[in-house]
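So the chains spell out like this:
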Amino acid sequence: MARHTLGRLEDFADGTATGVDVDGTSMVVWRSGDEVCVVRNRCPHLGLSLTKGPGGLHAEGGEIVCPWHSSRFDLCSGENRDWVAGFAGRSIPRWSRSMVAMGRKPSPLTTYPVSRDGDAIVVDIPAGG
């Protein structure tokens with residue numbers, strides 16, 4: 001497990017998600033008040049970026065939406081809230097979701113342990129990212 005300082009609390013705007021790269025691992029940092037959560041910047045559906053894509057970065061209320069397939073995830077628990085609800089930022093009919101899911105089952109985001117060291121935000125990254 002490697003510990004990395006992400007920055008200070010005030011470096012991250014309240015109520016926003018920010019993409020960061022830490023020692024080769026792409027992450028999304030979510031801040032809500034004094035709470036900070038960190039997830040891997042990779043949708044578990046096809047491994048694509050959550051911050052770049054045709055739908056763009058879309059995060060609010062503690063949730064992030066995959067810009068590729070519109071899957072919704074909780075930014076603190078990683079929980080999947082809606083699996084493959086669209087394609088390239090556009091909604092799709094419910095009947096076509098299983099086809100776009102390509103046989104993959106709903107999966108959570110990878111979350112990382114976060115702590116505070118004074119006003120610094122520290123994330124623990126397991127070996128292998």
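So, how was this worked out
The numbering scheme is per chain: residues are counted from 1 as the chain's sequence reads. This being a predicted model, a pLDDT of at least 70 is required before a residue's local features are given, and a value of 80 or more before pairs of side-chain atoms are given or counted; all residues contribute to the totals for chains, interfaces and linings. Side-chain metrics in this entry use all non-hydrogen atoms of the structure; hydrogen atoms and water are not considered. A pair of sulfur atoms, both from cysteines and within 2.5 Å, is called a disulfide here. A run of H or I in DSSP becomes a helix once it reaches four residues, and a run of E becomes a strand once it reaches two; helices and strands are each numbered from the N terminus. We call a residue buried when its accessible area falls under 20% of the maximum for its residue type, exposed when it is over 50%, and partly exposed in between, using a 1.4 Å probe and counting protein chains only. Put simply, a salt bridge is a Lys or Arg side-chain nitrogen that is within 4 Å of an Asp or Glu carboxyl oxygen.

(A) Molecular detail of the state of the cysteines. Inspection of the entire model under this criterion finds one disulfide. A disulfide bridge connects Cys37 with Cys76, and the sulfur atoms are separated by 2.0 Å. Residues Cys37 and Cys76 are joined by a disulfide whose S-S torsion is about 85°; by sign, that bridge is right-handed. On the criterion of sequence distance, the pair formed by Cys37 in strand S4 (residues 35-40) and Cys76 in the loop between strand S7 (72-74) and strand S8 (80-82) is long-range, its members being 39 residues apart. Owing to a relative accessible area of 7%, Cys37 belongs among the buried residues under this scheme. Cys43 takes part in no disulfide bond, and the closest cysteine sulfur to it belongs to Cys66, at a distance of 3.8 Å.

(B) How the structure looks around the pattern of salt bridges. Inspection of the entire model under this criterion finds seven salt bridges. Close ionic contact of Arg3 with Asp124 constitutes a salt bridge, the shortest N to O distance being 3.2 Å. Taken together, the positions of Arg3 in strand S1 (residues 2-8) and Asp124 in strand S13 (residues 120-125) put the pair 121 residues apart, joining distant regions of the chain. Judged by its relative accessible area of 12%, Asp124 falls in the buried class. Of the charged contacts in the structure, one is a salt bridge between Glu10 and Arg8, with a shortest N-O distance of 3.2 Å. Under the relative-accessibility criterion, Glu10 is labelled partly exposed at 47%. Taking relative accessible area as the criterion, Arg8 reaches 40% and is therefore assigned partly exposed. Connected through salt bridges with shared partners, the residues Glu63, Arg72, Asp74, Glu79 and Arg81 form a single ionic network.

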